[in-house]
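What the coordinates show
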Amino acid sequence: MRGIVVGLGGRARSWISVCHKNKDVEIVGYVDPVPEQRAKAAEQFNLPGAQLFPSISDALQKVQADFALDVTPPKIHEAVAVEAFEAGLHLIGEKPLSDDFEAAKRIVKASKAAGKTHMVTQNYRFGSQPRTTHRLLKEGVIGEPAQVTVGFYRAWATRPGTHYTTMPYPLITDMGIHHFDLLRYVMDREPLRVYARTWNPPWGFHAGDAGHTAVIDFDGGLVTTHHALGSSTGKQSPWNGEWRIEGPDGSLTWEENKIFWTRAYPPDQGIREEMPLDDLPLLGQDAILAEFITALREGREPECSGTDNLKSLAIVFAAIQSSIEKRTVEIAEIMGA
Ligand SMILES: NC(=O)c1ccc[n+]([C@@H]2O[C@H](COP(=O)([O-])OP(=O)(O)OC[C@H]3O[C@@H](n4cnc5c(N)ncnc54)[C@H](O)[C@@H]3O)[C@@H](O)[C@H]2O)c1
């Protein structure tokens, strides 16, 4: 499959490496409107000048491709998607699908109208901790869970001037999306409603709010709480967050990169066991790219298709609306007709 990488910033560098080592993929074009970004990527990956372009349309005049890999900031995703679909390309796009929910819906609609495969890169769920936990819950290790808390505390996105430090609600939009998508995947439940409050501490270095607590109700009576601070100068959470899943037969906790099954009550059934992580053939971005290519070959919807991803992104926008309007927001309100 021949691809064009669109956007040559920080994240694109890891994508280029991932694509270069995948034998099913050949990158035929690299696009960025900023000459310095093209030059940096060219130098790092030894790219030929003939494969560097300032826009997708310039690239498409010179090279033939099957898909676009969009690694631009969220605000640009709709323009890239529309151009890609109009050119008959499939699309694999970085999360979040968009910084605007209506734009995200338009992107998904455009992919359907064009009949093109569209996947969003929710790489966190392609890790061994979430995959193993999903399996353990299916096997009923702690019974039917009813409560989950997820905490995330990091000095996150510290580089001044990036979209992370300038956009509204950066942590919920850009990082929350990973954890909200993880909650849907790990718990195998769909969200119903959200109550959230967002803020910035006095020392915060983001223009938009980077602290929040969100209570997210899922179907099946599951209550989840996501609490976070993206300008924490203290103890740093793992990127997956600190998880605590409560069931009638104990808890599963994510402690650093490990999973523990703990049962303290009743005392005669006490257990504290580290659960071995599943050995997966591919992880993260490598697994995403393989899923995208396999779905294309098999003519099926990929995991994390745009359609599916709207349900994860709806949690982001329900949380933002809840914080602004100080009320519980139904996911159905956000999804609309
Ligand atoms: N999945 C993850 O774990 C993860 C990690 C980091 C970033 N990301 C995502 O990747 C995306 C990019 O983030 P980043 O950190 O690389 O940002 P960045 O600012 O480092 O790079 C973005 C690049 O896009 C370019 N660009 C802007 N408009 C463009 C256009 N119209 N056409 C082509 N290129 C254009 C910019 O010049 C810049 O080089 C974001 O959506 C971000 O959320 C995901």
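In this text the structure is predicted, and so the values were computed from the model without any measurement. (Residues numbered from 1 in each chain as written. Predicted model: local features only at pLDDT ≥ 70, side-chain atom pairs only at ≥ 80, totals over all residues.)

**Digging into the overall build of the chain**
- Within the chain, the regular secondary structure consists of eleven helices and 15 strands.
- Here the C-alpha atoms of the chain give a radius of gyration of 20 Å, agreeing with the 20 Å that 2.2 N^0.38 yields for 337 residues.
- Its C-alpha atoms give the chain principal-axis dimensions of roughly 70 × 45 × 40 Å.
- Classification of the 337 residues of the chain by burial places 42% in the buried group. (Helix = DSSP H or I, 4+ residues; strand = E, 2+ residues; numbered from the N terminus. Rg over C-alpha atoms; globule rule 2.2 N^0.38 Å. Buried ≥ 20, exposed ≤ 12 C-beta atoms within 10 Å, placed from the backbone.)

**Regarding the site of the ligand**
- The immediate surroundings of the ligand are formed by 23 residues, with G7, G9, G10, R11 and E94 found nearest.
- Within the shell around the ligand, the residues separate by chemical class into ten nonpolar, eight polar and five charged. (Near = placed C-beta within 6 Å. Nonpolar A, V, L, I, M, F, W, Y, C, P; charged D, E, K, R; others polar.)

**A word on the domain arrangement of the chain**
- Domain annotation for the chain reports domain 1 (2-116) and domain 2 (124-280 + 313-331).
- In this structure, domain 1 and domain 2 have C-alpha centres spaced 29 Å apart.
- The interface of domain 1 with domain 2 comprises nine residues on the first partner and nine residues on the second.
- Considered class by class, the residues forming the side of domain 1 that touches domain 2 number six nonpolar, no polar and three charged. (Domains from an automatic or database assignment. Contact = placed C-beta atoms within 7 Å.)

**Examining the sheet that holds strand β5 (residues 90-93)**
- Strand order in the open sheet formed by six strands is β3-β2-β1-β4-β5-β6, and the pairing between neighbours is parallel. With one partner strand each, in any of the chains shown, β3 (52-53) and β6 (118-120) form the two edges of the open sheet.
- Summarising the sheet, β5 and β6 pair through three bridges and their orientation is parallel. Along β6, the bridge assignment pairs I92 with M119. (Pairing = 2+ DSSP bridges.)

**Brief notes about the sheet that holds strand β13 (residues 258-263)**
- Pairing within the open sheet is mixed, and its nine strands lie in the order β14-β13-β12-β11-β7-β10-β9-β8-β15. This sheet does not close on itself; its edge strands, each paired only once, are β14 (271-275) and β15 (329-330).
- Of the strand pairs in this sheet, strand β11 (residues 242-247) and strand β12 (residues 250-255) are connected by four bridges, and their pairing is antiparallel. Bridge assignment links G247 to a residue of β12, and that residue is G250.
- The sheet contacts of helix α10 (residues 306-325) involve β8 (191-199), β9 (211-218) and β15, and relative to β8 the element is tilted by about 50°. (Axes fitted to C-alpha atoms, helices over the stretch in contact; angles between N-to-C directions.)

**Examining helix α4 (residues 77-86)**
- Within α4 the residues assigned to the buried category are H77, E78, V80, A81, A84 and F85. The buried residues of α4 occupy an angular sector of 160° when the element is viewed end-on, so they sit on one face.
- Against β1 (2-6), α3 (56-62), β4 (67-70), β5 and α5 (101-114) lie the buried residues of α4.
- Just downstream of α4 lies G88, where phi reads positive at about 80°. (Arc of directions from axis to C-beta.)

**Some details on the pairing of β9**
- The sheet contact formed by β8 and β9 spans eight bridges and is antiparallel. Each bridged residue has a counterpart across the sheet, and for P191 the counterpart in β9 is F218.
- Bridge analysis of β9 against strand β10 (residues 222-229) gives eight bridges, and the strand direction is antiparallel. Residue pairing for β10: F218 is matched across the bridge by L222.
- Hairpin connection between β9 and β10: a loop of three residues separates the two successive antiparallel strands, and G220 in this loop has a positive phi of roughly 75°.

**Quick look at the nonpolar core**
- Grouped together as the largest cluster of nonpolar side chains are 84 residues, with contacts concentrated most on V5, V6, I56, A68, V316 and A319.
- It is helix α8 (residues 170-187) that provides the largest number of residues to this core, a total of ten residues.
- Both domain 1 (2-116) and domain 2 (124-280 + 313-331) contribute no fewer than three residues apiece to this core.
- Not counting chain neighbours up to four residues away, the residues in contact with V5 comprise A12, W15, I16, I27, Y30, V31, L69 and V71. (Core = buried A, V, L, I, M, F, W, Y, C linked by C-beta atoms within 7 Å.)

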